[in-house]
Amino acid sequence: MSIPKTMTAARMHTVGGELKIETLPTPTPGDMDVLVRVKSCGIVPNLGNILANWTTWFPHMPLPPLPAVFGLDPAGEIAAVGKGVRSLKAGDRVYVNPGRSCGTCRHCRHGDQISCRHYAFQGYFGFSTEALQTFDDYPIGGLSEYMVAPASAVVTIPENMTFDQAARLGYMGTAYSALKKVKAGPGDTILVNGISGTLGIGGAVFGLAMGVSKILGTGRDKKLLEEIKALAPNRIEVFSIDDGSVTDFALAHTDGEGVDAFIDCLGPGAKHETFLQGLRGLRRGGIGVDCGAVAGPVALDVHWLMDHNQRLYGSAWFTAQEGQEMADMVATGVADFSILETQGYPLSDVNRAISGIAQRHGGFSNYVIHP
């Protein structure tokens, strides 16, 4: 594969400012890295608003040093591999998990890279000031023609998964990792708050793929909720939060016992009461997982959690191994990404794409940039 000396990328020079289309040197992979030619990069439809208000919403999470090339969910073809890379080659179709860790601390050596103090999202943000060192190692995100990433972060994708679909693995994977933490499977009833959203739809897709017997989903838009139910009418029940209590909904579908697990996919700005109603819908011994980032101090009745032997986890992102599991599920047909409706934009239209003006179809909408 011919590799040019320069590439086109979109860089942000000031927080909240427009991204500028620029020509940069094509990066060179290290010994244990791969160079990926980016075909699709997933974006959050209101990314521009998020970046403009970053210090207000996420003051403890540093952005990469500016100017920076963002782009969280890249998928494409391997263009070149470092001399120490095995089992991967030029031409392989891949998704790049953006999670970066130091690789040598005790958490990384225990296989818990997400708990690393240096953990950061390549092309997005870090989780502590230590993450700034990680950006030095991998400064280029997916809003560029080429990017370098560790070979260990690569997920190989099957022929029946398009690059556009693979660029959604980040949000799908966040819900999938939450489901794995509660060991969701046959016989279980789970509750997913925000099931019709960008993150929550992954709870439906992978809840079905993992054999969950009953999926209870909440949201606000009744039309979208009915479309979610139509994915598996005999296994999915839906409820609009405008119609009453999430707790009552959960108890009504479990003979008053409560659900085995509760996955909250509501984002910053969502009402705390909706989250708390989901927790109150758990059975004795049930597990709650927050993976949507409900913001601000939430008043929890810890005594209630203790008395009912319940657990509440925070779950951030997913591992490359979990990414490969999802891709393999798509390969076998167990998980179906064909429900996604892609709206693609060329890199030259990146600012319009991230402005949030596009018509949304809830979690079914899949917004990507084609560098």
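Scoring rules and cut-offs
- Residues numbered from 1 in each chain as written.
- Predicted model: local features only at pLDDT ≥ 70, side-chain atom pairs only at ≥ 80, totals over all residues.
- Heavy atoms only, no water.
- Helix = DSSP H or I, 4+ residues; strand = E, 2+ residues; numbered from the N terminus.
- Rg over C-alpha atoms; globule rule 2.2 N^0.38 Å.
- Buried < 20%, exposed > 50% of the residue type's maximum accessible area, 1.4 Å probe, protein only.
- Contact = heavy atoms within 4.5 Å.
- Lys, Arg positive; Asp, Glu negative; His and termini not counted.
- Charge placed at Lys NZ, Arg CZ, Asp CG, Glu CD.
- Core = buried A, V, L, I, M, F, W, Y, C linked by side-chain atoms within 4.5 Å.
- Axes fitted to C-alpha atoms, helices over the stretch in contact; angles between N-to-C directions.
- Parallel < 35°, antiparallel > 145°, perpendicular 65-115°, else oblique.
- Nonpolar A, V, L, I, M, F, W, Y, C, P; charged D, E, K, R; others polar.
- Phe/Tyr/Trp six-rings, centres within 6.5 Å; stacked < 30°, edge-to-face > 60°.
- Polar contact = N/O pair within 3.5 Å; in protein donor to acceptor, adjacent residues only side chain to side chain.
- Salt bridge = Lys/Arg side-chain N within 4 Å of Asp/Glu carboxyl O.
- Arc of directions from axis to C-beta.
- Pairing = 2+ DSSP bridges.

Some words on the overall build of the protein
Next up, step 1: Looking only at helices and strands, the protein has 13 helices and 18 strands in total.
Next up, step 2: Here the protein has a C-alpha radius of gyration of 20 Å; the compact-globule value for 371 residues is 21 Å, and the two agree.
Next up, step 3: Its C-alpha atoms give the protein principal-axis dimensions of about 65 × 45 × 40 Å.
Next up, step 4: Looking at the 371 residues of the protein, the share that counts as buried comes to 54%.
Next up, step 5: Residue pairs at least 24 apart in sequence account for 70% of intrachain contacts in the protein once pairs closer than 6 positions are excluded.
Next up, step 6: Taking the 30 positively charged and 36 negatively charged side chains of the protein as two groups, their mean positions are separated by 4 Å.

Topic: the nonpolar core
Next up, step 1: Counting 105 residues, the largest nonpolar core has Y124, L143, F206, I263 and F337 as the members making the most contacts within it.
Next up, step 2: In contact with F206, other than residues within four places in its own chain, are M172, Y176, L179, M326, M329, A335 and F337.
Next up, step 3: F249, A250, F262 and L276 belong to the second largest nonpolar core, which has twelve residues in total.

Concerning the packing of helix α6 (residues 169-181) against helix α12 (residues 320-332)
Next up, step 1: In the contact formed by α6 and α12, the axes pass within 10 Å of each other and the chain directions differ by 105°. As far as their axial angle goes, α12 and α6 are roughly perpendicular. In this structure, α6 uses L169, M172, G173, Y176, S177 and K180 to contact α12, whose residues at the interface are E322, E325, M326 and M329.
Next up, step 2: By residue class, the composition of the contact of α6 with α12 is five nonpolar, two polar and three charged.

A word on the packing of aromatic side chains
Next up, step 1: In total, this model carries 13 aromatic pairs according to the counting rule given.
Next up, step 2: For the ring pair F121 and F125, a centre distance of 5.1 Å and an interplane angle of 70° mean the geometry is edge-to-face. Grouping residues by exposure puts F121 and F125 together as buried.
Next up, step 3: Arranged with centres 5.2 Å apart and planes meeting at 55°, the rings of F125 and F127 form a pair that is tilted.
Next up, step 4: Judged by its relative accessible area of 9%, F125 falls in the buried class.

Things to note about the side chain of S144
Next up, step 1: Within the fold, S144 resides in the loop between α4 (132-137) and β9 (146-150).
Next up, step 2: A polar side-chain atom of S144 sits 2.8 Å from the main-chain carbonyl oxygen of G141.
Next up, step 3: A polar atom in the side chain of S144 sits 2.8 Å from the backbone oxygen of Y146.
Next up, step 4: Every residue in contact with S144, bar those within four places of it in the chain, is listed here: M7, T8, A9, V38, V69 and P371.

Here we look at helix α7 (residues 201-209)
Next up, step 1: Along α7, nine of the nine residues are buried, which leaves the element largely enclosed by surrounding structure.
Next up, step 2: Where α7 is concerned, the buried positions are I201, G202, G203, A204, V205, F206, G207, L208 and A209.
Next up, step 3: Here the buried face of α7 lies against α6, β12 (214-219), α8 (222-229), β13 (236-240) and α12.
Next up, step 4: G211 occupies a position one or two residues after α7 and carries a positive phi of about 85°.

Topic: the pattern of salt bridges
Next up, step 1: Counted according to the given criterion, the structure contains eleven salt bridges.
Next up, step 2: For the salt bridge of D243 with K222, the shortest nitrogen-to-oxygen distance reads 3.2 Å. In this pair, D243 is assigned in the loop between β13 and α9 (246-252) and K222 in helix α8, connecting sequence segments 21 residues apart.
Next up, step 3: Salt-bridge contacts for K223 lead to E227; the nearest nitrogen and oxygen are separated by 3.1 Å. Of this pair, K223 and E227 both sit in helix α8, four residues apart, which is roughly one turn of the helix.

Digging into α8
Next up, step 1: Considered for burial, the residues of α8 that qualify are L224, L225, I228 and K229. Buried residues of α8, viewed axially, fall in a sector of 145°; they line one side.
Next up, step 2: Lining the buried residues of α8 we find α7, β12 and β13.

Focus on the side chain of N97
Next up, step 1: Relative to the assigned elements, N97 resides in the loop between β6 (93-96) and β7 (99-100).
Next up, step 2: At 3.0 Å, the side chain of N97 forms a polar contact with the backbone nitrogen of G99.
Next up, step 3: A polar contact is formed between the side chain of N97 and the backbone oxygen of T319, at a distance of 3.5 Å.
Next up, step 4: In contact with N97, other than residues within four places in its own chain, are A153, W317, F318, T319 and A320.

Concerning the environment of V15
Next up, step 1: Here V15 lies in the loop between β1 (6-12) and β2 (19-25).
Next up, step 2: On a C-alpha basis, the gap between V15 and K89 in space is 37 Å, while along the polypeptide they are 74 residues apart.
Next up, step 3: In this structure, V15 is in contact with L51, L63 and L66, ignoring residues within four places of it in sequence.

A word on the sheet that holds β1
Next up, step 1: With respect to topology, three strands assemble into an open sheet ordered β2-β1-β4, the strand pairing being antiparallel. Lying at the two open borders of the sheet, with one neighbouring strand each, are β2 and β4 (68-69).
Next up, step 2: Relative to β4, β1 is paired through two bridges, and the arrangement is antiparallel. When the sheet's bridge partners are listed, R11 is paired in β4 with V69.

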